[in-house]
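# Chain and residue survey
Each chain is listed here by its residues.
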Amino acid sequence: MTTRIGIDFGTANTVVAGWDHTLDRGEPIPLPGLDLSREGSRGVDQRVVPSRIAFSATDDRRWIGAQVTDEVAAGPGAVVFQSTKSAVTGRAVDIPRRLGGDRTVTAREAATRFLSDVMASAILAVDSGDLEIVATAPVESFDAYRDWLVREVGEDAGGGARLRVVDEATAAAVGYSARLNPGEVFLVFDFGAGTLDTSVVKVLDPSNATAGAAVRTISKAGLDLGGDHIDAMLAEHVAEKAGVPFGDTEEYNRVFRELLRSAERAKVALTAADAAVVESGPYRVEVGRADFEGLLRRKDVLGRVSRALRKTLDGAAAKGFPADEIGKVFLVGGTSLIPAVRDVLALQFPPDALHLDRPLEAVAAGAAGIAGGYELSDHIQHDYAIRHVNRDTGAYEFETLVRAGTEYPTPEPVKMLTIKAIRDGQRNLGIAVYELAHASYREASSDLEIMFDANGGARTVAVTAQRMQQRSRLWLNEDSPTFLEADPPAKAGVDRFRLDFRVDAQKRLTVSAYDIQRNLLVLDQQPVVRLS
């Protein structure tokens, strides 16, 4: 029998789950030595691997997950990496860290090594000759992240397992679908260390489901905001209140890094306690629950969360699913445990609608569920466009091909257009497809990022307008562009190819191309890129 597991690489915690055929749901797989038990809510313990890796400064040793104890992290012989997920897709500045001598490691390399080791440990734990792994990727950077998982992590982990990749919101929805009845509409509120994703989802009647689909997403929205950003805000607040001097940059970064770790522990403690201490050496500040919640309001964290939730609910209502028809709300991710965050949801939904069933395990359990046969019939989350050159100005312009919200597969073309050469004698006409991710789905609203220096110190840096603009457009087929060959060569300004774009059942953008001059079909529903 095929063994099926799901892996959710989170910014703070990583979870490995296996598909339990008897229970018909995903269940965590123990990884002794790497994982630990963390309380989620209402006394429910959850198995997680802390997303941390430490490299020895003197030899080839490394420590993974729970092996990175406070003693290892504080010792001079190890370099610790955490919160490396954002480095995978270039969303954080990735400065190489010195290990000792001439050896350096980037955060992306650390993330690859960490997840490869976790995946290898999971393969050993299940000891199966027929293994299928479903890993999860962020919706807003699906393609780049999927490529990293397949090309770097999957090959590095070995084991001969089949690897599939699904988006995290889909996995979270499937992770909860077994607890619902056909026709029910529910909300997944996924607030982790790096991002917030909110999704309104409907469970399909099995007799009407297609291709094994169990649920369908109605509306989504999100924020580039998570527990790491809250930790940074709290650390900045404490640094200012405790009077940490700015004069010595290296020393400030070292102190701030320790404040970040302490702030994370305090944030977790404040989910249940009335006060917690954030400290680094002589710098020590007690933070009360009221102080912490006041900071979240001043920094507009709660306001952003409320607006993202409202955007999702409005999108669902526009499609005929008003908020009062949403019977259950499932909270996912450690940041969703903050009481002030739950209060935002409590303003919209009755108390008995909110569920905190294993918030740290839901995504991995859903990934295992997808490996076990459940699927999510989703719509396209982002806008996609083709780039062309304005002949008069020479500047790039973009024309939308697929709009967010489009259901797939599309039996009819989603876009029909003609392309022409910009100069006489041009033989190759390219099809450059871009994802307009943040313009259509995710609010690029985080105004700070955490930057680590070469010595392991940390500080916050502002996100520039230029960087936000770069994030808003992602060239999907830069490494494998689709070219149309004009033979004989094309003439400038004369229509040469007619293009029809569709989206197939595998969520791929396809193109059919007709050579107008030769009266010939040169491409017939050729896949260009996979959409998310």
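Cut-off values and rules
Residues numbered from 1 in each chain as written. Predicted model: local features only at pLDDT ≥ 70, side-chain atom pairs only at ≥ 80, totals over all residues. Heavy atoms only, no water. Helix = DSSP H or I, 4+ residues; strand = E, 2+ residues; numbered from the N terminus. Buried < 20%, exposed > 50% of the residue type's maximum accessible area, 1.4 Å probe, protein only. Contact = heavy atoms within 4.5 Å. Areas by Shrake-Rupley, 256 points an atom, 1.4 Å probe, with all protein chains shown as cover. Phe/Tyr/Trp six-rings, centres within 6.5 Å; stacked < 30°, edge-to-face > 60°. Core = buried A, V, L, I, M, F, W, Y, C linked by side-chain atoms within 4.5 Å. Salt bridge = Lys/Arg side-chain N within 4 Å of Asp/Glu carboxyl O. Pairing = 2+ DSSP bridges. Axes fitted to C-alpha atoms, helices over the stretch in contact; angles between N-to-C directions.

What the protein chain contains, in helices and strands, is 13 helices and 32 strands. The 532 residues of the protein chain split such that 53% are buried. If you take every contact in the protein chain between residues at least 6 apart in sequence, the share linking residues at least 24 apart comes to 66%. Split by element, the accessible area of the protein chain, about 22,800 Å² in all, is 47% carbon and sulfur.

Turning our attention to the packing of aromatic side chains. Any aromatic ring pair is given by two values, namely how distant the centres are and how the planes are angled relative to each other. With the rule as written, the count across this model stands at 9 aromatic pairs. Between Phe189 and Phe191, the aromatic rings sit 6.0 Å apart at their centres with planes inclined by 90°, giving edge-to-face as the arrangement. Phe191 carries the same exposure label as Phe189, and that label is buried. Judged by centre distance (4.7 Å) and plane angle (20°), the rings of Phe246 and Tyr252 are stacked.

Core analysis: the biggest nonpolar cluster contains 54 residues, and Leu234, Leu345 and Phe349 have the highest contact counts within it. Filtering out sequence-adjacent residues up to four positions away, Phe349 remains in contact with Leu187, Leu313, Ala323, Ile326, Val329 and Leu354. Formed by 36 residues, the second largest nonpolar core is a distinct cluster that contains Ile64, Ile123, Leu131 and Trp148.

Before going further, it helps to examine the pattern of salt bridges. A complete count under the given rule lists 22 salt bridges for this structure. One salt bridge connects Asp495 with Lys420, and the closest N-O pair in it is separated by 3.3 Å. Remark: Lys420 occurs in strand S23 (residues 415–420) and Asp495 occurs in strand S30 (residues 495–503); sequence separation between them is 75 residues. Owing to a relative accessible area of 39%, Lys420 belongs among the partly exposed residues under this scheme.

Time to look at the sheet that holds strand S32 (residues 520–530). Across the sheet, which stays open at both edges, the 4 strands sit in the order S23-S30-S31-S32 with antiparallel pairing between neighbours. Unpaired on one side and paired on the other, S23 and S32 mark the two borders of the sheet. Ignoring strand direction, the axes of neighbouring strands in this sheet form an average angle of 25°. As paired strands, S23 and S30 are joined by 6 bridges and run antiparallel to one another. When the sheet's bridge partners are listed, Lys415 is paired in S30 with Phe501.

Let us now look at the sheet that holds strand S8 (residues 78–82). A sheet is described by the order of its strands in space; here 3 strands give the open sequence S7-S6-S8, paired in antiparallel fashion. Edge positions in the open sheet fall to strand S7 (62–64) and S8, since each of these has one partner strand only. When the angles between neighbouring strand axes are averaged without regard to direction, this sheet yields 15°. Of the strand pairs in this sheet, strand S6 (residues 52–56) and S7 are connected by 3 bridges, and their pairing is antiparallel. Within the sheet, the bridge partner assigned to Phe55 lies in S7 and is Arg62. Strands in contact with helix H3 (residues 107–126) are S6, S7 and S8; relative to S6, the strand with the most contacts, it is inclined by about 105°.

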